[in-house]
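# Examination of the molecular architecture
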Number of protein chains: 2
Amino acid sequence: MSDHDPLADAELTFLLGMGFQLVLGEFVTRVAAAGYADLRPVHGMVFQVLKGCGATGSELAERLGVTKQAAGQIVDDLERRGYVRREPHPDGGRRRLVVLTDAAVRHLAVAGEVLHELEDELADRLGAADLAHLRETLARLIRDRAGDHPPPLRPVW
Amino acid sequence: MSDHDPLADAELTFLLGMGFQLVLGEFVTRVAAAGYADLRPVHGMVFQVLKGCGATGSELAERLGVTKQAAGQIVDDLERRGYVRREPHPDGGRRRLVVLTDAAVRHLAVAGEVLHELEDELADRLGAADLAHLRETLARLIRDRAGDHPPPLRPVW
DNA sequence: TGGCTGAGTAAAGCTGCTTGACTCGTGTGT
DNA sequence: ACACACGAGTCAAGCAGCTTTACTCAGCCA
């Protein structure tokens with residue numbers, strides 16, 4: 001056909017990257033519009049890790065896939081802005097437990113809502129069955145490449 | 001069920017990001033093993049843009065979604081390492097045409113081969129029909145969010 | 001002639017990470 | 001009891017890959 005879709009020929013890697021970029025970009029835009037323009041996706045990852053009973057800086061670093069110094073800097077930043085607190089760790093030692101403040105918990109709720117909203121919209125536009133199939137195939141791809149323990153999600157290239 | 005798949009509950013955004021990260025990581029590893037450990041994905045994007053008849057620095061910058069200074073720095077780097085040349089532009093002015101050397105053309109061939117190899121392996125493991133469906137749904141997602149002119153693929157967060 | 005436009009360049013600054021070197025509590029072996 | 005290794009945390013410096021700001025230079029058109 002003369003009007004051939006260039007996306008049909010695109011590399012799978014490109015399709016995945018572009019899909020991720022567009023969806024994440026939309027997510028970031030909406031969360032920023034909800035009053036969180038000062039939080040990047042990595043901060044959301046931090047909140048996910050700390051959700052529940054918190055974690056130490058080293059645990060956080062491992063979960064984020066960065067050095068403990070980098071994790072410390074992120075925590076410094078979030079502490080200054082009132083999203084986390086450092087408390088003495090029950091197990092003592094030099095350990096300190098990083099925990100979420102209410103502001104961070106509220107952000108988690110908003111972010112979760114935005115994610116579901118976005119996914120619902122995509123289900124409408126792409127078809128719920130196709131979206132479910134997309135999820136399922138992606139999950140198998142991830143399991144195939146990374147097993148049961150996918151590595152930390154890091155900025156790509 | 002006691003043995004429930006945590007990936008089934010994961011956010012779509014997460015699945016897309018993890019899928020992209022794993023596939024791109026595998027791609028980078030294999031291309032590095034083929035002798036191109038000194039080239040990042042962005043260099044491959046540059047080669048894609050310049051493939052054919054080359055481009056000016058400003059055109060390249062626009063296609064990459066960076067400032068022309070950043071594009072100039074990348075071109076400086078690639079020129080030093082023998083992957084591109086700057087030639088006088090046929091249209092004159094201050095313009096200069098950045099074109100690929102044979103080394104870059106060889107890299108393009110290798111990278112293309114690796115991408116197809118990777119996609120064939122995934123077709124084997126996930127099922128050709130499911131992979132085709134994945135591609136098709138991703139293409140529709142991209143078209144839905146970006147129309148016919150998807151923005152440059154950039155490092156994400 | 002003189003000014004506008006658009007490509008390219010030069011220099012400095014910034015962000016988010018890393019590496020290297022340390023300090024300090026704690027348990028462990030002898 | 002004492003030394004000491006270990007692991008968490010922190011300080012400082014460095015670095016990559018961009019951006020912002022500010023300029024130079026060639027053509028073009030009134």
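Predicted, not measured: the structure shown is a model, and the values here were computed from it.

Turning next to the UniProt feature "domain: HTH marR-type" (unreviewed entry) in chain A. According to UniProt, the "domain: HTH marR-type" (unreviewed entry) feature falls on residues 9-143 of chain A. This span, residues 9-143 of chain A, is 73% helix and 7% strand, and a straight line between its end C-alpha atoms measures 26 Å.

The next thing to look at is the packing of aromatic side chains. Residues and elements named next belong to chain A. Applying the stated criterion to the full structure yields two aromatic pairs over all chains. Ring centres 5.8 Å apart and planes at 40° place the aromatic pair Phe47 and Tyr83 in the tilted group. Here Phe47, found in helix α3 (residues 41-50), pairs with Tyr83, found in the loop between α5 (68-80) and β1 (84-88); they are 36 residues apart in sequence, far enough to count as distant. Judged by relative accessible area, Tyr83 falls into the buried class, the value being 8%.

Before going further, it helps to spend a moment on the protein's contact with DNA strand C. The environment of DNA strand C is made up of 18 residues, and the closest members are Thr67, Gln69 and Arg94 of chain A together with Ser58 and Lys68 of chain B. A share of 51% of the atoms of DNA strand C within 4 Å of the protein falls on sugar and phosphate groups. Contributing elements (two or more residues each) for the surface near DNA strand C: α5 of chain A together with α4 (57-64) and α5 (68-80) of chain B. At four residues, α5 of chain A tops the list of elements feeding residues into the surface near DNA strand C. Looking at side-chain class alone, the surface near DNA strand C contains three nonpolar, eight polar and seven charged residues.

If you look at the interface, chain A gives 54 residues, while chain B gives 54 residues. Taken together, both faces of the contact between chain A and chain B bury some 6,200 Å²; the carbon and sulfur share is 70%. Of all residues in chain A, the largest losses of buried area upon contact with chain B belong to Leu12, Arg145 and Trp157 of chain A, amounting jointly to 14% of the total for that side. Here chain A is connected to chain B by eight salt bridges. Arg125 of chain A is the salt-bridge partner of Asp144 of chain B, the closest N and O atoms lying 2.1 Å from each other. Our enumeration of links across chain A and chain B arrives at 18 residue pairs in polar contact (both at pLDDT 80 or more). Classifying every residue of the side of chain A that touches chain B by side-chain character gives 32 nonpolar, seven polar and 15 charged.

These two copies of the chain differ by a rotation about an axis and a displacement along the same axis. Of the two same-sequence chains, chain A is brought onto chain B (RMSD 0.0 Å, axial shift 0.0 Å) by a rotation of 180°. This pairing of chains is accounted for by a two-fold axis. Of the interface residues in chain A, 100% have counterparts in chain B that sit at the interface too, so the contact is made through matching surfaces.

A few words on the packing of helix α2 (residues 12-36) of chain A against helix α6 (residues 102-126) of chain A. Residue and element names in this part refer to chain A. It is the contact of α2 with α6, at a shortest axis distance of 10 Å, that shows an interaxial angle of 135°. The angle between α2 and α6 places the two elements in the oblique class. Pair α2 / α6 crosses with right-handed handedness. Judged by residue contacts, Val23, Glu26, Phe27, Arg30, Val31, Ala34 and Tyr36 of α2 engage Ala103, Arg106, His107, Val110, Ala111, Val114, Leu115, Glu117, Leu118, Glu121 and Leu122 from α6. A per-class count over the contact of α2 with α6 returns twelve nonpolar, one polar and five charged.

In total, this model carries 36 salt bridges over all chains according to the counting rule given. In this structure, Glu117 of chain A and Arg30 of chain A form a salt bridge, with 3.3 Å as the shortest nitrogen-oxygen distance. With Glu117 of chain A in helix α6 and Arg30 of chain A in helix α2, the pair connects residues that are 87 residues apart, well separated along the chain. For Arg81 of chain A, the salt bridge goes to Asp38 of chain A, with nearest N and O atoms at 3.5 Å. A residue pair is termed long-range when its members are at least 10 positions apart, and Arg81 of chain A in the loop between α5 and β1 and Asp38 of chain A in the loop between α2 and α3 qualify at 43 residues. Using a relative accessible area of 31% as the deciding quantity, one classes Arg81 of chain A as partly exposed. By relative accessible area, which is 36% here, Asp38 of chain A ends up partly exposed. Shared partners join several salt bridges into a network, and the residues in it are Glu26, Arg30, Glu117, Glu121 and Arg125 of chain A together with Asp144 and Arg145 of chain B.

Right, let's talk about the protein's contact with DNA strand D for a bit. The environment of DNA strand D is made up of 18 residues, and the closest members are Lys68 and Arg96 of chain A together with Thr67, Gln69 and Arg94 of chain B. Restricting the count to atoms of DNA strand D within 4 Å of the protein gives a sugar and phosphate share of 54%. Ser58 of chain A has a polar backbone atom sitting 2.9 Å from a phosphate oxygen of DNA strand D. Of all elements in the fold, only α4 (57-64) and α5 of chain A together with α5 of chain B reach the threshold of two or more residues within the surface near DNA strand D.

Rules used throughout
- Residues numbered from 1 in each chain as written.
- Chains lettered and ligands numbered in written order.
- Predicted model: local features only at pLDDT ≥ 70, side-chain atom pairs only at ≥ 80, totals over all residues.
- Heavy atoms only, no water.
- UniProt positions renumbered as here; feature names shortened; annotations may be inferred.
- Helix = DSSP H or I, 4+ residues; strand = E, 2+ residues; numbered from the N terminus.
- Phe/Tyr/Trp six-rings, centres within 6.5 Å; stacked < 30°, edge-to-face > 60°.
- Buried < 20%, exposed > 50% of the residue type's maximum accessible area, 1.4 Å probe, protein only.
- Near = heavy atom within 4 Å.
- Nonpolar A, V, L, I, M, F, W, Y, C, P; charged D, E, K, R; others polar.
- Contact = heavy atoms within 4.5 Å.
- Buried area = accessible area lost by both parts, 1.4 Å probe.
- Salt bridge = Lys/Arg side-chain N within 4 Å of Asp/Glu carboxyl O.
- Polar contact = N/O pair within 3.5 Å; in protein donor to acceptor, adjacent residues only side chain to side chain.
- Least-squares fit on C-alpha atoms with pLDDT ≥ 70 in both.
- Axes fitted to C-alpha atoms, helices over the stretch in contact; angles between N-to-C directions.
- Parallel < 35°, antiparallel > 145°, perpendicular 65-115°, else oblique.
- Left-handed = near helix turned anticlockwise from the far one by under 90°.

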